[in-house]
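Residue strings, one per chain:
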Amino acid sequence: MTVAEAFEQLKKDGQAAGVELFPGPKDAALVVTRERVKAVLRHLRDARPFACDLLVLVTGTHMTEKKDAKGVLVREAGFEVIWHLRSVQHRSILAVKCKLPTADPTVDSVADLWPAANWHERETWDLVGIRFTGHPDLRRILLPEGWEGHPLRKDYAYPKEFHGINLEVDAPWPTP
Amino acid sequence: MADAMTTSGAAAPTQPAKTFALPGDPLRPPDTFVDVRTQELQINMGPQHPSTHGVLRLAIWVDGEIVTRADPDIGYLHRCAEKIGESVSCIQYVPYTDRYDYLAAMNNNLGYCLAVEKVAEVEVPERAQYIRTIAVELNRIASHLVAIGTYGLDLGAFTPFFYAFREREEILRLLEWICGARLTYNFIRIGGVMRDTPAGWVEDIRKFLDLFETRLDEFNDLLTHNHIFVARTANVGVLSIEEAVRYGLTGPNLRGSGLRYDLRREQPYLLYDRFQFDIPVGTGIKGQVGDCWDRYWVRLLEMRESVRIVRQALDQLPTGGEIMAKNVRHLAFKSKAGEGYLGIENPRGELGYYLISDGGANSYRSRIRAPSFCNLSILESMLPGTMLADAVAIIGSIDIVLGEVDR
């Protein structure tokens, strides 16, 4: 099932409220509003035509504003979360996308729908700083507890030291 | 998280007292029962522990010898893979991908290059695709040999480890011959491969495959039907298909549970639709479907299928022809704007790269779907209820590479 077919099927099922089709340039995706995203994901998992039982990946991206040479906006500022879902039966892969405002990157957790989402959401919180409400245990997973900031944000400032360890790249070598 | 080696709560027993009979104790009358109180204890396993295959730390809560809860703690090998992916160009990033799953570096190269080629619309010449297939499948055999050898090692079988590494050494020699490195190959490049096959390489692979097929049977004598090995792995860590899919398991771990799901067949990339091969699944020969032995057995059978694929690829390998795409200018490579996800079948499961490009030399976002990361998360669900000694058998059967878990 392609993403366009999935969009048509969602319309038939009466679940297309708040869903738009992102046609590409390369991979198409379903763009869902923040309020509807969990209901749509649940429908994609449970409804028989989709049967997306395998959650492949949860990605968070920090988007900064970008304009092309003519001053036309080509990338809006904000956050994007993408869920890649596979259906084992139908041999298909679907991408569902949700756009979040810069000031409040919060979205519903799907860890209760797919336990696989648990660690992906923890990693997204750790590195990108997107908060998943309803997650059973949202704490850092790769970085140590007590780390400040979220490194995959584009405005991330590298720390100068961590627990007394000097992290400055061009710091002089300590004399023995 | 609490410190290691501490009892949870106060000194008072947290579990109700259990009574056990002590049979044949000459000092007591035969009908006496003794109170044996158990107390929940948190123990720390790793990050320096031989059976964790790297720097994995597990906090395990046990009641007697039964695991009640397990909490994997990862991140000790975190090297900011995705941040590096944004700060260097696509061409420069290929050698970094070697370092994630270092036992299957060819597969990592391939996953990244295919994703970039998808976004940048690069057409790869046919000969390069065959060379890629040969290299990737040889690397898959080498990776499974490490998985099987070290799995035996975890469970106390020392000898199979040497047999596995003897065969792996041959494969490493063949791969070193073609690209000069034994582990971090950087051989598959965006648009093709680094260099053409050296003279005599193809013939040597054929010789090796003939020898290797006979030697695969040695593993059956040494390990597969070994009574102790079967006792440690059969009916241990049984995983149903539903549970495996819910936790996003892929690769041999999913197939060990009986689901015939392989991306080489489901969504063929490279030239896999031209080859004939079977997808082995666990059938519960020694115990139940989806136990540790099944996962081991699937890996062993997969090596035989890889041998078949390499043979066919060698037969079909076109003589002469380009090995690098014409339209890739490596010094000034710029991807097209767009975003795309591409997953391939790594020896450990689905390895995927999700790339967002804004038309520059660097990716705007390069997200890695590491199979070991997803496979490891099932420990929280698998370990509770098992014996502590079986925890080692279960972790080994999942076959993780920590370089990929932490990235």
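Residues numbered from 1 in each chain as written. Chains lettered and ligands numbered in written order. Predicted model: local features only at pLDDT ≥ 70, side-chain atom pairs only at ≥ 80, totals over all residues. Heavy atoms only, no water.

1. What about the interface of chain B and chain A?
Going by this rule: What makes two residues a contact is simply this: any of their non-hydrogen atoms within 4.5 Å. When a carboxyl oxygen of Asp or Glu lies within 4 Å of a side-chain nitrogen of Lys or Arg, that pair is called a salt bridge. Here a polar contact means two N or O atoms within 3.5 Å. Within protein one must be a hydrogen donor candidate and the other an acceptor candidate, and residues neighboring in sequence count only if both atoms are side-chain atoms. Three residue categories are used. Nonpolar comprises Ala, Val, Leu, Ile, Met, Phe, Trp, Tyr, Cys and Pro, charged comprises Asp, Glu, Lys and Arg, and polar comprises the others, including Gly.
Across the boundary between the two partners, chain B contributes 48 residues, which contact 45 residues of chain A. For Asp27 of chain A, the salt bridge identified is with Lys118 of chain B, shortest N-O distance 3.0 Å. For the interface between chain B and chain A, the tally reads 21 residue pairs in polar contact (both at pLDDT 80 or more). Here the residues of the side of chain B that touches chain A sort into 20 nonpolar, 9 polar and 19 charged.

2. Digging into a nonpolar patch on the surface
All names here are of chain B. Here is the rule we go by: The residues that make up patches have over 30% relative accessible area and no salt bridge, and they are joined within 9 Å when like-charged or within 5 Å when they are Val, Leu, Ile, Met, Phe, Trp or Tyr. To measure how exposed things are, a 1.4 Å probe is used in the Shrake-Rupley method; for residues, cover is taken only from the protein chains shown. What counts as a helix is a DSSP run of H or I of at least four residues, what counts as a strand is a run of E of at least two, and both are numbered from the N terminus. Note on exposure labels: buried denotes an accessible area under 20% of the residue type's maximum, exposed denotes more than 50%, and partly exposed covers the range between, all computed with a 1.4 Å probe on protein chains only.
A contiguous nonpolar patch, built from Leu153, Phe158 and Phe162 and spanning about 300 Å² of accessible area, is present on the exposed surface. Within the secondary structure, Phe162 sits in helix α5 (residues 159–179). On the basis of relative accessibility, which here comes to 48%, the residue Phe162 falls in the partly exposed class.

3. Considerations on the sheet that holds strand β3 (residues 54–63) of chain A
All names here are of chain A. Put simply, the rule reads: Any two strands with at least two DSSP-identified bridges between them are counted as paired. A fitted line through C-alpha atoms represents every axis, and for helices the fit uses only the stretch in contact; the resulting angles, taken between N-to-C directions, go from 0 to 180 degrees.
Read across the open sheet, the 5 strands follow the order β1-β2-β7-β6-β3; overall the sheet is mixed. Because the sheet does not close on itself, it has two edges, and the strands there are β1 (19–22) and β3. Here the average twist between neighbouring strands, direction ignored, is 25°. Judged from the 9 bridges that link them, β3 and strand β6 (residues 78–87) form a sheet pairing that is antiparallel.

4. Examining the pattern of salt bridges
Residue and element names in this part refer to chain B. Following the criterion strictly, the structure yields 49 salt bridges over all chains and no others. Asp196 is paired through a salt bridge with Arg127; the nearest N and O atoms lie 2.8 Å apart. With a gap of 69 residues between them, Asp196 in the loop between β7 (192–193) and α6 (201–224) and Arg127 in helix α4 (residues 126–154) connect regions that are remote in the sequence. Residue Asp196 is classed as partly exposed on the basis of its relative accessible area of 29%. Residues joined in a network through salt bridges with shared partners are Glu137, Arg140, Arg255, Asp262, Arg264, Glu302 and Glu345.

5. A short note on the environment of Glu126 of chain B
All names here are of chain B. Its location among the elements puts Glu126 in helix α4. Separated by 195 residues in sequence, Glu126 and Gly321 place their C-alpha atoms 8.1 Å apart. Apart from the residues within four sequence positions on either side, Glu126 is in contact with Leu271, Arg274 and Pro318.

6. As for the nonpolar core
Short version of the rule: Among the buried residues, those of types Ala, Val, Leu, Ile, Met, Phe, Trp, Tyr and Cys that are joined through side-chain atoms within 4.5 Å form a nonpolar core.
Of all hydrophobic cores here, the largest spans 165 residues; its most connected members are Trp83 of chain A together with Phe187 and Tyr296 of chain B. Sort the elements by how many residues they give to this core and α4 of chain B lands first, with 12 residues. With near-sequence residues (within four places) excluded, Trp83 of chain A lies in contact with Val37, Leu41, Leu55, Leu57, Val58, Leu94, Ala95, Val96, Cys98, Val107 and Val110 of chain A. Phe22, Val31 and Leu57 of chain A together with Tyr341 of chain B belong to the second-largest nonpolar core, a separate cluster that totals 12 residues.

7. Here's the deal with the packing of aromatic side chains
Residues and elements named next belong to chain B. Going by this rule: To pair, rings of Phe, Tyr and Trp, with the six-membered ring standing in for Trp, must have centres within 6.5 Å; the planes then decide the type, stacked if under 30 degrees apart, edge-to-face if over 60, and tilted in the middle. Note on geometry: a ring has a charge over it if NZ (lysine) or CZ (arginine) is within 6 Å of the ring centre and within 35 degrees of the ring normal.
Taken as a whole and assessed by the stated rule, the structure comprises 19 aromatic pairs over all chains. Judged by centre distance (6.3 Å) and plane angle (85°), the ring pair of Tyr272 and Phe275 falls under edge-to-face. Judged by relative accessible area, Phe275 falls into the buried class, the value being 5%. Among the aromatic residues, those joined into a cluster by ring pairs are Tyr93, Tyr96, Tyr100, Tyr112 and Tyr353. The side chain of Arg264 reaches across the aromatic face of Tyr272, ending 5.9 Å from its centre.

8. Considerations on the sheet that holds strand β9 (residues 349–357) of chain B
Residue and element names in this part refer to chain B. Read across the sheet, 3 strands follow the order β8-β9-β10 without closing on themselves; strand pairing throughout is antiparallel. For this open sheet the edge positions go to β8 (338–346) and β10 (365–369), each flanked by a neighbour on one side alone. For this sheet, the mean inter-axis angle between neighbouring strands, taken without regard to orientation, is 10°. Examined bridge by bridge, β8 and β9 share 9 bridges and lie antiparallel to one another. Note that in β9 the partner of Gly343 across the bridge is Gly352. Contacting β8 and β9, helix α3 (residues 105–120) runs over the sheet at an angle of about 150° to β8.

9. Considerations on the side chain of Arg140 of chain A
All names here are of chain A. With respect to the helices, strands and loops of the structure, Arg140 is situated in the loop between β9 (131–133) and β10 (161–162). The exposure class of Arg140 is buried, given its relative accessible area of 15%. Engagement of the side chain of Arg140 in a polar contact is seen with the side chain of Asp126, the distance being 2.6 Å. At 2.9 Å, the side chain of Arg140 forms a polar contact with the backbone oxygen of Gly149. Setting aside chain neighbours within four positions, we find Arg140 in contact with Arg122, Trp125, Asp126, Trp147, Glu148, Gly149 and His150.

10. Here we look at the packing of α4 of chain B against helix α11 (residues 292–316) of chain B
Residue and element names in this part refer to chain B. Definition in use: If an angle is under 35 degrees, it is roughly parallel; if it is over 145, roughly antiparallel; if it lies from 65 to 115, roughly perpendicular; otherwise it is oblique. Each helix crossing is assigned a hand: it is left-handed if the near helix lies turned anticlockwise from the far helix by less than a right angle, otherwise right-handed if that turn is clockwise.
Axis separation between α4 and α11 bottoms out at 9 Å; the angle between their running directions is 155°. The angle between α4 and α11 falls in the class roughly antiparallel. Between α4 and α11 the crossing geometry is left-handed. Broken down by class, the residue content of the contact of α4 with α11 amounts to 17 nonpolar, 4 polar and 4 charged.

11. A few points about helix α2 (residues 90–98) of chain B
Residues and elements named next belong to chain B. What counts, and what does not: Note: the arc covers the axis-to-C-beta directions of the helix.
Taken as a whole, α2 has its buried residues at Cys90, Tyr93, Val94, Thr97 and Asp98. Viewed along the axis of α2, the buried residues span an arc of 160°, placing them on a single side of the element. Structurally, α2 contributes buried residues whose contacts are with α1 (81–87), α3, β6 (188–189), β9 and β10.

12. Re the pairing of strand β2 (residues 29–32) of chain A
The side chains of a regular strand alternate, residue by residue, between the two faces of the sheet. Residue and element names in this part refer to chain A. Where burial is concerned, the two faces of β2 agree: the one with Ala29 and Val31 and the one with Leu30 and Val32 are both buried. Here β1 hands over to β2 after 6 residues, with Gly24 in that stretch at a positive phi of 140°. With 3 bridges joining them, β2 and strand β7 (residues 92–100) adopt parallel strand pairing. Across the sheet, the residue bridging to Val32 is Cys98, located in β7.

Any link to function would need more than the numbers given here.
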